[in-house]
Amino acid sequence: MESRKQIKISQIWEKISLGQCPSGTWAFQVKTMSDFLGTIESLADRYAKGILKPSKVVAAHIDQIIKKDSKLGAFQHVFFDEAMEQAISADKALAAGCILGPFHGIPFALKDIYEYQGQICTHGSMAHKGRVSTVTGTVVSRLLAAGGILLGRTKTVEHAFGGWGTNQKMGSPCNPWKADEHHIAGGSSSGSAVATAAGMAVCAIGSDTGGSVRLPAAFCGVTGLKITEGRLECDGIMPLSQTLDTPGPITQTVADSVILFDVMAGRDGKDINSDRRDGLGIYGALIDTVAGLRLGSICDEQRAQCSNAVLASYDHALATLEELGALVSPFYSPFDFGDLANDNGDIIAIEAYFNHGHLYEQADLPMDEDVRMRVLSGKKFPAHSYLKMLQRRRDKGQQFISAMQGFDAILTPTTTCTAPLLSKVDQSISPAHFTRPFNYLGLCGLSVPTGLANDALPVGLQIVARPHDEAMAVRVGNSLEKALPKIGRP
């Protein structure tokens, strides 16, 4: 067995197929699954009341992974024995009244680009199949210090560079809403979204450079929060683009995304619980309504980018917000979204080549050829062009925020279509038409599910707010979440 009891998910299926019990501490059937699968918020409240134990919750999620992941392919590695040991310790601590905060005893999954000393971290690349982390990053340290229980590492697009969620060498997770037909899950945090949507983890950690939290969240019917760049530390996280990378939570609800954001930011658990109870800080945004807010909708030119199914869900969401008292009117961007998305992609490619180009220059390494094409495209830009790009980015960001005057937030579809079949994906096109622009402009954003389309696949709405105004994004998202019917689980 690998260090830190790290088990490849394929080893679990092999043992099960041979009729072998992988571990006596966790290998049992959970009969009443709904009792143990909940949100961060609901589980934390039940832990505090003493009516539920982390060991039962962790065992239930392990059970879900064993049952589902052979088909869905969300996990790269799992840590079942270690997770159960931590859960039993959490049982004892909670029983003794030692509650670290709302994340204490919550089973979560981690995108396979986050370093944790002693664990294998592949960055989604076959070339790093046996690579062991020598450090633990700040975000991971905070999640564990808050009492979070790590179930496993989730699959990612190689080096986190791609919006469809595909990985030629390490496997492409399957969208849980269409598991029999293998629709894409979105990327690059593909496995994190699948694990959360399918009930294999309460929540998961992703990263967002051009939409890599929001895209898979939208395609899989969960919530994804894109944090303002610089608000969370990126040390111990594989860099794709140092200029644009942001860690981010993928959760079942808007309230959970706020809790997980606070945990990732290193806030003390007692302070988080106090603010939750009193509705202070960003938790006040979960109480506030949208009445009187000025919200910008996309213009006809941008609507033309979207499928009819996406537009129908988008328009229904806008109408719902208007019924709640919001004032919705068209927002006319000073820049074309497609141009902004391309500018974002150029910066990513240049910095990706700086970080990982040496691997893709070696034809004999087992690299994903779709990602190789993207990374090597960054080689063509001279230094003066790159510096001009960064200056234009700063200028356009300021101009865009000026154009937002009179609007509290901008609303767009998260994706232009529902999740396509894996076999129909065009790798020369990015699905990030509506997400990349806001990484480029330095804004924050939230994707929330707004329903299921006629093809029974989820649709998401993106709420974009000014830098450092995550409270506005979650205020709108939470109001919409409360008003719309729940889509349930796949």
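Residues numbered from 1 in each chain as written. Predicted model: local features only at pLDDT ≥ 70, side-chain atom pairs only at ≥ 80, totals over all residues. Heavy atoms only, no water.

**Section: helix α8 (residues 254-264)**
Counted only if it meets this: Burial classes follow relative accessibility: with a 1.4 Å probe on protein chains only, a residue under 20% of its type's maximum area counts as buried, one over 50% as exposed, and anything between as partly exposed. Comment: elements are numbered from the N terminus, with helices defined as DSSP H or I runs of at least four residues and strands as E runs of at least two. Whenever two N or O atoms come within 3.5 Å, that pair is a polar contact, provided that in protein one can donate a hydrogen and the other can accept it, and provided that, for residues adjacent in sequence, both atoms are side-chain atoms.
With eleven of eleven residues buried, α8 lies mostly within the body of the structure. Three or more residues of α8 are buried, namely Val 254, Ala 255, Asp 256, Ser 257, Val 258, Ile 259, Leu 260, Phe 261, Asp 262, Val 263 and Met 264. Capping of α8 at its N-terminal end is provided by Thr 253; its side-chain oxygen lies 3.1 Å from the backbone amide nitrogen of Asp 256.

**Quick word on the confidence of the model for the protein chain**
Applied cut-off: The quantity known as pLDDT measures the predictor's confidence residue by residue, on a range of 0 to 100. Contact definition: two residues touch when any of their heavy atoms are within 4.5 Å.
Averaged over every residue, the pLDDT of the protein chain is 94; the share at 70 or more is 93%. The low-confidence segment residues 16-24 (pLDDT under 50) makes eight contacts with residues lying over four places distant or belonging to another chain. Contacts from residues 26-30, a stretch scored under 50 in pLDDT, to residues over four places away or in other chains number 16 contacts.

**Observations concerning unusual backbone geometry**
The omega torsion across Gly 187 and Ser 188 is 10°, close enough to zero to call that bond cis. Mapped onto the secondary structure, Ser 188 falls in the loop between β4 (149-154) and α6 (190-197). Even without glycine at this site, Ala 160 takes up a positive phi of about 60°. For Ala 160, a relative accessible area of 4% puts it in the buried group. Not every positive phi belongs to a glycine, and His 182 is a case in point at roughly 50°.

**Looking at the nonpolar core**
Cut-off, in case you're wondering: Within this scheme, the nonpolar core is defined by two criteria: the residues are buried Ala, Val, Leu, Ile, Met, Phe, Trp, Tyr or Cys, and they are joined through side-chain atoms within 4.5 Å.
Phe 103, Leu 143, Leu 295, Phe 400, Leu 411, Ile 463 and Val 476 are the most contacted members of the largest nonpolar core, which has 103 residues in total. With nine residues, the single largest contributor to this core is helix α12 (residues 337-360). Dropping the residues within four chain positions of it, Val 476 is found in contact with Val 290, Leu 293, Leu 295, Leu 321, Leu 411 and Ile 463. In terms of nonpolar packing, the next biggest core, distinct from the first, is built from 30 residues, Leu 72, Ala 193, Ala 198 and Val 213 among them.

**So, the pattern of salt bridges**
To be explicit about the condition: Here, a salt bridge means any Lys or Arg side-chain nitrogen found within 4 Å of an Asp or Glu carboxyl oxygen.
The full count for this structure, using the stated rule, is 17 salt bridges. Where Arg 214 meets Asp 208, a salt bridge forms, and the shortest distance between an N and an O atom there is 2.8 Å. Its relative accessible area of 0% is what places Arg 214 among the buried residues. The class for Asp 208 is buried, based on a relative accessible area of 0%. Through salt bridges with shared partners, one network takes in Asp 262, Arg 267 and Asp 275.

**Some words on the packing of α12 against helix α13 (residues 369-376)**
Put simply, the rule is: With axes taken as lines fitted to C-alpha atoms, and helix axes fitted only over the stretch in contact, angles between N-to-C directions fall between 0 and 180 degrees. The scheme is simple: roughly parallel for angles under 35 degrees, roughly antiparallel for over 145, roughly perpendicular for 65 to 115, oblique for anything else. Helix crossings fall into two classes, left-handed where the near helix is turned counterclockwise from the far one by less than a right angle and right-handed where it is turned clockwise. Classification used: nonpolar for Ala, Val, Leu, Ile, Met, Phe, Trp, Tyr, Cys and Pro, charged for Asp, Glu, Lys and Arg, polar for all others including Gly.
Closest axis-to-axis distance for the α12/α13 pair is 8 Å, and the angle between their directions is 125°. If you check the angle between α12 and α13, you find them oblique. Our pair here, α12 against α13, has a crossing hand that is left-handed. Note on element contacts: α13 touches α12 through Val 371, Arg 372, Arg 374, Val 375 and Leu 376, opposite Ala 349, Ala 352, Tyr 353, His 356, Gly 357, Leu 359 and Tyr 360. For the contact of α12 with α13, the class distribution of residues is eight nonpolar, two polar and two charged.

**Some points on the pairing of strand β12 (residues 458-465)**
Cut-off, in case you're wondering: At least two DSSP bridges between two strands are needed for those strands to be called paired.
The buried count for β12 comes to eight of eight residues, which makes it a mostly enclosed element. The two faces of β12 match: Pro 458, Gly 460, Gln 462 and Val 464 on one face and Val 459, Leu 461, Ile 463 and Ala 465 on the other face are all buried. Pairing between strand β10 (residues 409-413) and β12: four bridges, direction antiparallel. Paired with Ile 410 across the two strands is Val 464, which belongs to β12. Relative to β12, strand β11 (residues 444-452) runs antiparallel, the two being bridged by eight bridges. Bridge pairing in β12 links Pro 449 to Gly 460.

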